[in-house]
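Below, each chain spelled out in residue letters.
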Amino acid sequence: MPLRAFNPFFVILILAAGLLAGCDQAPPASVPTQGITVPAFGDTFIEASIGEPSNLLPVLSSDSASSEINGLVYSGLIRYNRDLRLEGELAESWEVSDDGLIMTFHLRHGVVWHDGAPFTSADVLFTYQMYIDPQVPTSYAEDFRQVADLQTPDPWTVRVTYKQPYAPALESWGTPIHPRHLLEGVDVTKSPLSRMPIGTGPYRFIEWQSGEKLVLEANSDYYEGAPYIRRVVYRIIPDSTTQFLELLSGGLDFMGLTPLQYSKRTDTPAFQRSFNKYRYLSFSYSYLGYNLRKPLFQDQRLRQAISYAINKQEIVDGVLLGMGQVATGPYKPDTWVYNPNIRRYDYNPEQARALLEEAGWFDLDHDGVRERGEEKLSFTIVTNQGNDLRVRSAEILQRRLKEVGIDVQIRVVEWATFLKEFIFPGNFDATILGWSGGPEPDQYNIWHSSKTGPRDLNFIHYKNSEVDALLERGRRTFDQQERKQIYDRFQEILAEEQPYTFLYVGEALPVVAARFRGIEPSPAGIRYNFIRWYVAADEQKYAR
Amino acid sequence: MLAYICRRLLMMIPLLIGITLISFVVIHLAPGEPTDIQTDLNPKASAEMRERLRDRYNLDEPLMVQYGLWVVQLVQLDFGESFALDHRPVRDKILERLPVTILINSLSILAILALAVPIGIIAAIRQGGLFDRGSTLLVFLGFSMPSFWLALLLMDWLGVRYGLFPVVGIRSLGYEYLSGWRQVLDVLHHLALPVFVSAFGGLAGFSRYMRANMLEVIRQDYILTARAKGLPERLVILRHALRNALLPVITILGLSVPGLIGGSVIFETIFAIPGMGKLFFDGVMMRDYPLIMGVLVIGAGLTLIGNLLADVGYAIADPRIRQK
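The following refers to the structure shown. (Residues numbered from 1 in each chain as written. Chains lettered and ligands numbered in written order. Predicted model: local features only at pLDDT ≥ 70, side-chain atom pairs only at ≥ 80, totals over all residues. Heavy atoms only, no water.)

1. Let's talk about the overall build of chain A
When its secondary structure is counted, chain A shows 17 helices and 24 strands. Taking 544 residues into account, the globule formula puts the C-alpha radius of gyration at 24 Å, and chain A, at 24 Å, falls close to it. Structurally, chain A occupies a C-alpha span of about 80 × 60 × 40 Å along its principal axes. In chain A, which comprises 544 residues, the share counted as buried stands at 61%. (Helix = DSSP H or I, 4+ residues; strand = E, 2+ residues; numbered from the N terminus. Rg over C-alpha atoms; globule rule 2.2 N^0.38 Å. Buried < 20%, exposed > 50% of the residue type's maximum accessible area, 1.4 Å probe, protein only.)

Next comes the structure, spelled out in C-alpha cells:
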C-alpha cells in the first residue's frame, strides 16, 4: 500500500488500534506467562473505537474504524502474513508472468459467503468492475485503473493483465472482495450492506447500535477453521481518557495506549495482573517538511543546518516518552527496504552554525536571529489541530533552532482549513506532518516531480530527476534484491538533500486482557493471528 | 389570543428563511468541502473522482442554486442525504440521536429546577446567612468547574475505584438480556453521573436567578400587607411571594426548549453518549452540509417555538400581560 493520509482522526485511531502494526523491535514489555492451556471456543473480546465506523462496504469507506471491522468480515485474494510477506487468502496461489504483466490467481474451492451463497471468480470480476465504475464514489480506484483486462476463464481462476508492469499492484489484491449476488445492479451507496455487511471473513456481522456498539460473531464455516473467540464487540467511546478508565474498570479487553498512559499508569500490580502489554514500531513517521518553492529553503545547506540543529532524540523522549525511534528516512527501521548506511543528522549545533555561516547567515546585530543582508532567518511552521504530538514537537524544535539563531513561529490550524488554505496552495514555509504506510516501498505519489499538482501529495515541490527515475523503476520491478538497490539509492539522496527533516517513528502500544492467549508478536504486530487467540475454558468471562 | 398566536406563527416563516439562508452561506464560507475531507492527502484518490463527488453533491452549482435545491427538499420535509461516507438520510441520523439527548437534557433541567428553586428561596429569605453564602459558594463552584474535569474525576473515583457507577455509555453490554424494569434501572444507573455533572454546572444560573427574583418580591408592599395581616411566614413566602417570583421562570423554561436537543460535544465524548452534540460536531468537521443544516433548522425551529410558548405561557400566567 502506498501511504495513506495522516488525517488527525487517523492518527488517533492508528495509535488506538495498532492496526497498521509493525515489528516488535523491542521485546514486549511483559511476556505473557503462559501455563499449559488448551484452546477453547467461546468468550467475548471487547474493544473500543474512537470513531463510529463510517460505512461497512469497504469500497466506500476510508476510515480505520471501518477498515478494522471490515478486516474481520471480508477477505481479499491475498494478505500480509506475520512476516509481512504476501500469502494467499481467498486465492490459494498465484503466479506473475516473467514480464510482470499478467497475474493469475487460483481461488480456494468451497468458500461461501456469510449468507450461504458460493464464492467464485465472478465476485472478483464484479469487485474489480465496481472499483473502476465511475458511478461508485470510491477512493481506491487508482490501483485498479492500471488493469488492462481481467478474465475469469473458470469459477476458480482470475487472470489480470496490466498495461505496464506495476509492482504495488499485487498488494492491491488484498482489497476486500465484495459479493456480486447482493450488489450487482444496485446503487452501492444505497445498499443495506453498508450497515450490515456480508463477507467471507472469519467473523459475521450481528448488529450495530449507532453511536454505541457493533457486534460480530465467529463464522463457524470459515475456511481456515472457526475462530476461537466467539464474539467481538466494538464499543464506540470517542475519548481516549474515558476508554482508559473503562479499560481499568474491566469494560474493555483491548486498547492502544498513548505513551503517557503506557508509561505512567500501567505499572500497578493490579494492572499487570489483568493485562499484557506489547509495543512495536508503527508504520508511520513524522517529519518537518520544507516548502521548496520558497527561495529560503532552496538552499540545501540551510535544510541540513536545521536537521543538525534539531535534537530528534529529545523529541522522541519528550513527546513520545521514549516510545519510538528517531526517523532517518521514509521507511520503518526494521523493514528490508530500510537503508541504515546513509548520512545521519545527529544533534550537532556546531555543525549547524557552520553550515549557516557557509550559507551566508550571520547575526551581525546580535539580536539572536541571523540575517543575510536585509533578510532575517525566520519562518513559520504550520501544523494541524488535534495532534498534540506535532504541536509539542514544534515547540521543542523551535527552542533548538533559536539556539542556532533561527527564529521560528508556530501556527496550528484546523485540518480542512490547513489543507485548503496552507498546504495545497503552497502557502506555508514549513510544516510538521506525518505519513503512514505499509510494507510496500513505492513512494511515487509523495516524491515524484509529476505529483506536484494543486492537490498532489508532493506539496513541498521536491524535484530531482534521479529520484524520479528511481521511483519509476522501483514500481516496475518485482525482484526484491533489485528493488532494494533502487530504494537504497533513493534514501541516500533524500538523506543528503533533506527535503524533509525526518523526526520520529512512533510505537503502537497495545494492551490485551491477560485471559487472552495465543498472541504471538511478530513484524506484523499482534492482530494478524486474531482467529487463533483463545481464552481457556475456565477463564472465560462472558457466557453469551 | 388565537389571532395573536397565528400572527406569531406567520412571522416565524421569514425568520426561518433568514436564519437558514445565513447559516447556509456561513457554512459554505468555511474552507474545505466534503469531498476534500474524503479525498485529500489520499494517494489513491484521483482528480476525476473528486469531480464525480462534487457533481453528485451539486457542489459545482452556484451557492444560491444549492440553497434553492435544499429548500425545495426541505419543504417536502426531506433533509437530504448525508455527505458522510455512510450516505444515510439526515433524518435517520438525527432521529436516532434525539431520544437520548432529550432524555438527558430533560432530566437535567428537572434536577436543576428541583434544586435551584428551593436553594434560591432559602438563600433569599435568609439573605447573607450561612446557607446563602454556602450555597452561593457551591453553585459558583459548579459553574466555574470545567464539566469534563469533574466528569473524569467522578468517573475515576466513583466508577473505577469504588465501582459504584458505570463509566461510559447509556446501557450495559448485556442490556438485551435484562427484564423490563431492570432495563429502566440500568439506563438510570448509567445516566446518574452524566445528569449530575450537567445539572451541577447549570445550577448556578437558575438558583441565582431565583434568589434575585425572590429578593425583589419580598420587598414588595403586598408582602408587607400579608405579613401585617398576621399570616404565618410560611404562607407569606410560599403562597404570596413564590408565585410571583416564579413568573420569570416561565421565560427561562421557554428559552431552554431548544437546549433540549442541543448537546455538548465534550460532555458526550467523555461519557460516550451518542447524542446530538457529537453528531453536529462531526458534521462540521466533515463539512457535511445537509446534516449541519438539518440540525440547525430543527434548533432554529425549536428556538422560535420556545419563544412563542414562553410568551403564551406568560400571558396565561400573568393577567397584567394578557390585558395588554
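2. Concerning the overall build of chain B
The helix and strand tally for chain B stands at 14 helices and 0 strands. Counting helices and strands in the order they occur from the N terminus, chain B gives α-α-α-α-α-α-α-α-α-α-α-α-α-α. By residue count, 45% of the 324 residues in chain B fall in the buried class. Residue pairs in contact within chain B that sit at least 24 positions apart in sequence constitute 71% of those at least 6 positions apart. (Contact = heavy atoms within 4.5 Å.)

3. Remarks on the side chain of D429(A)
Residue and element names in this part refer to chain A. Relative to the helices and strands, D429 resides in the loop between α14 (415-423) and β20 (430-436). For D429, the side chain forms a polar contact with the main-chain nitrogen of T380, separated by 2.9 Å. In contact with D429, not counting residues within four places along its chain, are G289, Y290, N291, K294, F297, F379 and T380. (Polar contact = N/O pair within 3.5 Å; in protein donor to acceptor, adjacent residues only side chain to side chain.)

4. Regarding the packing of helix α11 (residues 312-319) of chain A against helix α13 (residues 388-403) of chain A
Any two packed helices are characterised by the angle at which their axes cross and by the distance between the axes. Residues and elements named next belong to chain A. With their axes 10 Å apart at the nearest point, α11 and α13 run at an angle of 140° to one another. Classified by the angle their axes make, α11 and α13 are oblique. For the crossing formed where α11 meets α13, the hand is right-handed. Residues E314, I315 and V319 of α11 form the contact with α13, whose own contacting residues are L389, R392, S393, I396, L397, R399 and R400. Looking at the contact of α11 with α13 residue by residue, the class counts come to 5 nonpolar, 1 polar and 4 charged. (Axes fitted to C-alpha atoms, helices over the stretch in contact; angles between N-to-C directions. Parallel < 35°, antiparallel > 145°, perpendicular 65-115°, else oblique. Left-handed = near helix turned anticlockwise from the far one by under 90°. Nonpolar A, V, L, I, M, F, W, Y, C, P; charged D, E, K, R; others polar.)

5. Remarks on the interface of chain A and chain B
Across the boundary between the two partners, chain A contributes 62 residues, which contact 43 residues of chain B. Summed over both sides, the interface of chain A with chain B buries roughly 4600 Å², with 57% coming from carbon and sulfur. For R97(B), the salt bridge goes to E52(A), with nearest N and O atoms at 3.8 Å. Those elements that place two or more of their residues in the side of chain A that touches chain B are α4 (142-145), β8 (203-209), β10 (231-236), α7 (240-248) and α14 of chain A. It is α14(A) that contributes the most residues to the side of chain A that touches chain B, 6 residues altogether. Considered class by class, the residues forming the side of chain A that touches chain B number 24 nonpolar, 16 polar and 22 charged. (Buried area = accessible area lost by both parts, 1.4 Å probe. Salt bridge = Lys/Arg side-chain N within 4 Å of Asp/Glu carboxyl O.)

6. Looking at helix α8 (residues 180-217) of chain B
Over its 38 residues, α8(B) extends only 47 Å from the first C-alpha to the last, a length that falls short of the 56 Å expected when each residue adds 1.5 Å. The principal kink in α8(B), of about 40°, is found at L203(B). (Expected span 1.5 Å × (residues − 1). Bend = angle between axes of the 7 residues up to and from the residue.)

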